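# A structural walkthrough
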Amino acid sequence: MFKKKLIAIGVLLCLISNNFVVFAAETKYPDYGYEFLGEDKWEGFNRKIFNFNLGLNKYAIRPIHILWSSIMPEYGMDRIQGITNNIEYPIRLVSSLIQRDFQTSKNETIRFFTNTVLGLGGMYDPAKHLFKIEQSSENMEQALAGCKMKTGRYFVFPVLSFTCFRGLLGKVLDTALNPGSYIATPVLAAVKAGLTVNKTSYMQPLIKMVESTYADPYEIAKKIYGIDSYIKCANLDRIAIGDLLFVPVDEEKEELTESKPSVIEVKKTTSNPPVDKKEDFVKIEVSSEIVLPELLFGGANLDEVLKNHSAENFKLGADMFLPGYNPQTPVVDSMRTALFDLPGVDESVWNELSVWNRSFSKRIRTSSINIFEGSDDYKYRYILQKDRKNSPLAIIYPSIGEGVMSSHSVLLAKLFYDEGYSVVIQGSHFQWEFVKSMEKGYAPGLPARDAESLRLVTSKIIDNLHDKYGCEFGEKVFIGTSFGALASLFLADKEYKNNTLGNTRYIAICPPVELLYAMTQIDKNTQEWNKSPDDLKQRVALTAAKVMKLYESRDSLESTGEINSLPFTDEEAKLITGFIMHQKLSDLVFTMENASKSTKSDIYHTLNNMNYQDYAEKYLLSDSDGDIDTLAYEVSLHSISNFLENSDNYKIYHSLTDYLTNDKQLKRLKQYSQDKVVLLDNGAHLGFLYRQEFIDDLKDTISLKSKFIAGK
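Note that the structure is predicted; figures quoted are calculated from it, not measured.

The next point concerns the overall build of the protein. For the protein, the helix and strand inventory stands at 32 helices and 12 strands. Here the protein holds 712 residues, and 54% of them are scored as buried. Within the protein, contacts between residues separated by at least 24 positions form 75% of all contacts whose residues are at least 6 apart in sequence.

Structure follows, in structure tokens:
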């Protein structure tokens, strides 16, 4: 699972890499695709061929790959892939020689003879294990780039998909240098066909992810091709993993960690008026520094603390500690969500395409229901216990923009399933597929309205499972992360006022306390590219190359034990997370504006001009009853403080270093929820999910014998 999450980040990172400066002077966000591939003059034609390729893959190529993966176990596929790589040695040799890269030529020659003799023709890789020589990714396009040949016009070719003139010429030369191209006898030709099918099957998970995750697969696939080509031609893929794991100390960051306490305001009363009066507040000094004698632990009553401690000495502290966390920056720490993993989720002797793969993730079924007549059916995923009629049910609401295939949702599903729950995985309501299932004109982002939609969708899913399997589902636990956590709490408030779903409990992990504030913080990250636009292309490609290198080196990294740092600067982390968040917004608005996937349009000029604050003003403020201040209150947890103060059927996990909140907001949340909120000393936004301390606490919380579930 770790490898999938890292490659997912890499793919999304690649998005950073293809549309750049063509509109840089006119829009808030760069057109990265133009920077890496030039102007897409044949976009209309390219989109049609791309859609043809997707259909060809779905109905002809993928079934062949599924059949092959079901005949050959993954171990056998990997051995065959090793033979294929070994046969292609002349391509890498000639490419490196043309570039006068004699060290790579030497290494590839050593690898070829070592793996041919000791590795049984390349089935195994003793050169890597004995001599620590990694295979390069050299090809003839890189040789042409080294000879200063320009990329040429970008186009989509049938079957071959994305390419450019230089790339097409490189493929021709690769074919000429590949000994397998000269196989002529029927038996050897069949062997060649098997090698080709085996090699291309490794691309299917990526293709499926692109076509099912993004509202506009064409744009994403183009970006992936552009960044990958640039990284290889610039030799950025040769970063040493040892260099990656060294993260230089940021002196400015060290100074920031010693910042003085800030003065914030915390309410004395537990009332919840829309507008707070000045006299209702007291001034308190807040610091993220941990001072053991003065911690505000879960279960402590804020009023009692204020009564027994002077305002000057009071400090907000952690309820859960993560020893040895080694914090970097809040944004870098938040990226550690990629480390969240559980044993057995994807483990199988068969490739994930195989019909025999029975890993946990492959046992999760997909179904769909119709919410509104005339709208698309809504997809959801589920896995049921053997005692499906009487088992409790967990419903997962993922982070903003995540679909039903979210890897975090699968991991959370595994935790619940192991504890005896049946599980339903829904996609985020702030996601393009959810919008397509709603009535025309639906704009997500108002949590109270979103909660009503989620309640309707969840009710229909439960009814659907009841009709199929006779499930009753007495106890229901809703768990959400980030934006999904905010939605789950607003749903809890709805159920608190008018119960329709029966016996329910709620777990919220890192919900934004004030949504508009969180949107502002996201927008700050998405603007990181503008700090140094002149070298954006190189910075983006280098950052993406780091992600890819981490993916390639996952096995050696995992064997060394727990990873407690990531090889990114704060600027790179903001570049990554900022782009990912803007991509999710772009997918959503692309769908809301009913943009075409098959023809060229100026929708991306609009999308490159929109951030989350713009979205709120255009789509949410018009649906609100008041001005921006009223909207800010309506979309915050302050608006449901009555539920937070008086109900005991929920639990919140949050971090003191979450960059989507601030100390003042966390203090208010602690005031509302008291022992029902658990504050972690590190982890930023969801960057603690992989830590065993959190996983163990979550397991205790959802245990069918726990007080939380039993309601005692």
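Before going further, it helps to examine the nonpolar core. Generally speaking, a soluble globular protein has its nonpolar side chains buried in company with each other. Grouped together as the largest cluster of nonpolar side chains are 91 residues, with contacts concentrated most on Tyr615 and Leu637. At 9 residues, helix α25 (residues 570-592) tops the list of elements feeding residues into this core. Non-local contacts of leucine 637, meaning those with residues more than four positions away in its chain, are made with Leu486, Leu489, Phe490, Pro511, Pro512, Val513, Leu644, Leu669 and Tyr672.

Below, the discussion takes up helix α30 (residues 663-673). Side chains three or four residues apart in an α-helix point the same way, a direct result of the helix having 3.6 residues per turn. α30 sits mainly inside the fold: 10 of its 11 residues count as buried. Among the residues of α30, those classed as buried are Asp663, Gln665, Leu666, Lys667, Arg668, Leu669, Lys670, Gln671, Tyr672 and Ser673. Structurally, the start of α30 carries an N-cap: the backbone nitrogen of lysine 664 is 3.2 Å from a side-chain oxygen of asparagine 662. Positive phi appears at glutamine 674, one or two residues downstream of α30, with a value of about 50°.

With that settled, consider the packing of aromatic side chains. The tally for this structure, following the rule as stated, stands at 28 aromatic pairs. An aromatic cluster of at least three residues, connected via ring pairs, comprises Phe50, Tyr154, Phe162, Tyr218 and Tyr225. Sitting over the face of the ring of phenylalanine 360, lysine 414 holds its NZ or CZ atom 6.0 Å from the ring centroid. Positioned above the aromatic ring of phenylalanine 708, the side-chain terminus of arginine 505 is 5.9 Å from the ring centre.

Among the secondary structure elements, phenylalanine 579 is positioned in helix α25. Between the alpha carbons of phenylalanine 579 and aspartate 523 there is a distance of 9.8 Å; along the sequence they are 56 residues apart.

In this section: the sheet that holds strand β6 (residues 378-383). Note on sheets: strands pair through backbone hydrogen bonds, and any given pair is parallel or antiparallel. Read across the sheet, 8 strands follow the order β5-β6-β8-β7-β9-β10-β11-β12 without closing on themselves; strand pairing throughout is mixed. Either end of the sheet is taken by a strand with one partner, and the two such strands are β5 (365-369) and β12 (677-680). Each strand of the sheet is rotated relative to its neighbour by a mean of 20°, with strand direction disregarded. Two elements, strand β9 (residues 475-481) and strand β10 (residues 503-509), share 7 bridges in a ladder whose sense is parallel. The partner of glycine 480 across the bridge, within β10, is alanine 508. In the packing of helix α21 (residues 483-497) onto the sheet, the strands contacted are β7 (393-397), β9, β10 and β11 (650-655), and the crossing angle to β10 comes to about 150°. On the sheet, helix α31 (residues 692-702) packs against β9, β10 and β11 and is oriented at approximately 175° with respect to β11.

Summarising the element assignment, phenylalanine 643 is placed in helix α29 (residues 641-646). For the pair formed by phenylalanine 643 and lysine 494, sequence separation is 149 residues and the distance between their alpha carbons is 9.2 Å.

A few words now on the pattern of salt bridges. Applying the stated criterion to the full structure yields 28 salt bridges. For the salt bridge of arginine 166 with glutamate 141, the shortest nitrogen-to-oxygen distance reads 3.5 Å. Of this pair, arginine 166 sits in helix α9 (residues 165-177) while glutamate 141 sits in helix α8 (residues 140-146), and the two are 25 residues apart along the sequence. For the pair arginine 166 and glutamate 141, a shared accessibility class is recorded, and that class is buried. Between lysine 414 and aspartate 418 there is a salt bridge; the shortest N-O distance is 2.8 Å. Remark: aspartate 418 and lysine 414 occur in helix α18 (residues 407-418); sequence separation between them is 4 residues, near one turn of the helix.

Turning our eyes to something else, we now look at a nonpolar patch on the surface. A grouping of Ile110, Val117, Leu118, Leu130 and Phe131 is seen on the molecular surface, where their side chains present a nonpolar patch of about 490 Å² in accessible area. Listed by contribution, the elements that provide at least two residues to the nonpolar patch are α6 (102-117) and α7 (126-131).

Taking 1.5 Å of rise per residue, the 17 residues of helix α12 (residues 217-233) would be expected to cover 24 Å, and the 24 Å separating its terminal C-alpha atoms lies within 8% of that figure. The buried fraction of α12 is high, at 13 of 17 residues. At the exit of α12 stands asparagine 235, carrying a positive phi of roughly 60°.

Each disulfide is one covalent bond, formed between the sulfur atoms of two cysteines. Considering all chains together, one arrives at 0 disulfides under this definition. Free cysteine cysteine 233: the closest other cysteine sulfur is in cysteine 164, separated by 8.0 Å.

Here lysine 148, not a glycine, exhibits a phi torsion of approximately 70°, which is positive. When you line up the elements, lysine 148 lands in the loop between α8 and β1 (154-157). With phi around 50°, glutamine 674 is a residue other than glycine that occupies positive phi space. On the secondary structure map, glutamine 674 appears in the loop between α30 and β12.

The next point concerns the side chain of histidine 654. As for its placement among the helices and strands, histidine 654 is situated in strand β11. Judged by its relative accessible area of 0%, histidine 654 is buried.

This part covers the packing of helix α11 (residues 204-213) against α12. Between α11 and α12, the least distance of the axes is 8 Å, while the angle of their chain directions is 140°. Classified by the angle between their axes, α11 and α12 sit oblique to one another. Pair α11 / α12 crosses with right-handed handedness. Two secondary-structure elements touch here, α11 through Leu206, Val210 and Glu211 and α12 through Pro217, Ile220, Ala221 and Ile224. For the contact of α11 with α12, a count of residues per class yields 6 nonpolar, no polar and 1 charged.

In the contact formed by helix α4 (residues 74-87) and helix α5 (residues 89-98), the axes pass within 4 Å of each other and the chain directions differ by 40°. Taken as axis vectors, α4 and α5 run oblique relative to one another. Contacts between α4 and α5 pair Asn85, Asn86 and Ile87 from the former with Tyr89, Pro90 and Arg92 from the latter. Along the lines of polarity and charge, the residues of the contact of α4 with α5 split into 3 nonpolar, 2 polar and 1 charged.

With that settled, consider the confidence of the model for the protein. On average, residues of the protein carry a pLDDT of 82, and 82% of them reach 70 or more. Under a pLDDT of 50 for its full length, residues 1-25 has, in the predicted model, 103 contacts with residues more than four places off or in other chains. Considering only residues more than four positions removed or in separate chains, one finds that residues 246-314, a stretch of pLDDT under 50, has 113 contacts.

Calculation criteria
- Residues numbered from 1 in each chain as written.
- Predicted model: local features only at pLDDT ≥ 70, side-chain atom pairs only at ≥ 80, totals over all residues.
- Heavy atoms only, no water.
- Helix = DSSP H or I, 4+ residues; strand = E, 2+ residues; numbered from the N terminus.
- Buried < 20%, exposed > 50% of the residue type's maximum accessible area, 1.4 Å probe, protein only.
- Contact = heavy atoms within 4.5 Å.
- Core = buried A, V, L, I, M, F, W, Y, C linked by side-chain atoms within 4.5 Å.
- Polar contact = N/O pair within 3.5 Å; in protein donor to acceptor, adjacent residues only side chain to side chain.
- Phe/Tyr/Trp six-rings, centres within 6.5 Å; stacked < 30°, edge-to-face > 60°.
- Lys NZ or Arg CZ within 6 Å of the ring centre and 35° of its normal.
- Pairing = 2+ DSSP bridges.
- Axes fitted to C-alpha atoms, helices over the stretch in contact; angles between N-to-C directions.
- Salt bridge = Lys/Arg side-chain N within 4 Å of Asp/Glu carboxyl O.
- Patch = residues over 30% accessible without salt bridge, like charges linked within 9 Å, V, L, I, M, F, W, Y side chains within 5 Å.
- Areas by Shrake-Rupley, 256 points an atom, 1.4 Å probe, with all protein chains shown as cover.
- Expected span 1.5 Å × (residues − 1).
- Disulfide = S-S within 2.5 Å.
- Parallel < 35°, antiparallel > 145°, perpendicular 65-115°, else oblique.
- Left-handed = near helix turned anticlockwise from the far one by under 90°.
- Nonpolar A, V, L, I, M, F, W, Y, C, P; charged D, E, K, R; others polar.
- pLDDT = per-residue confidence, 0-100.

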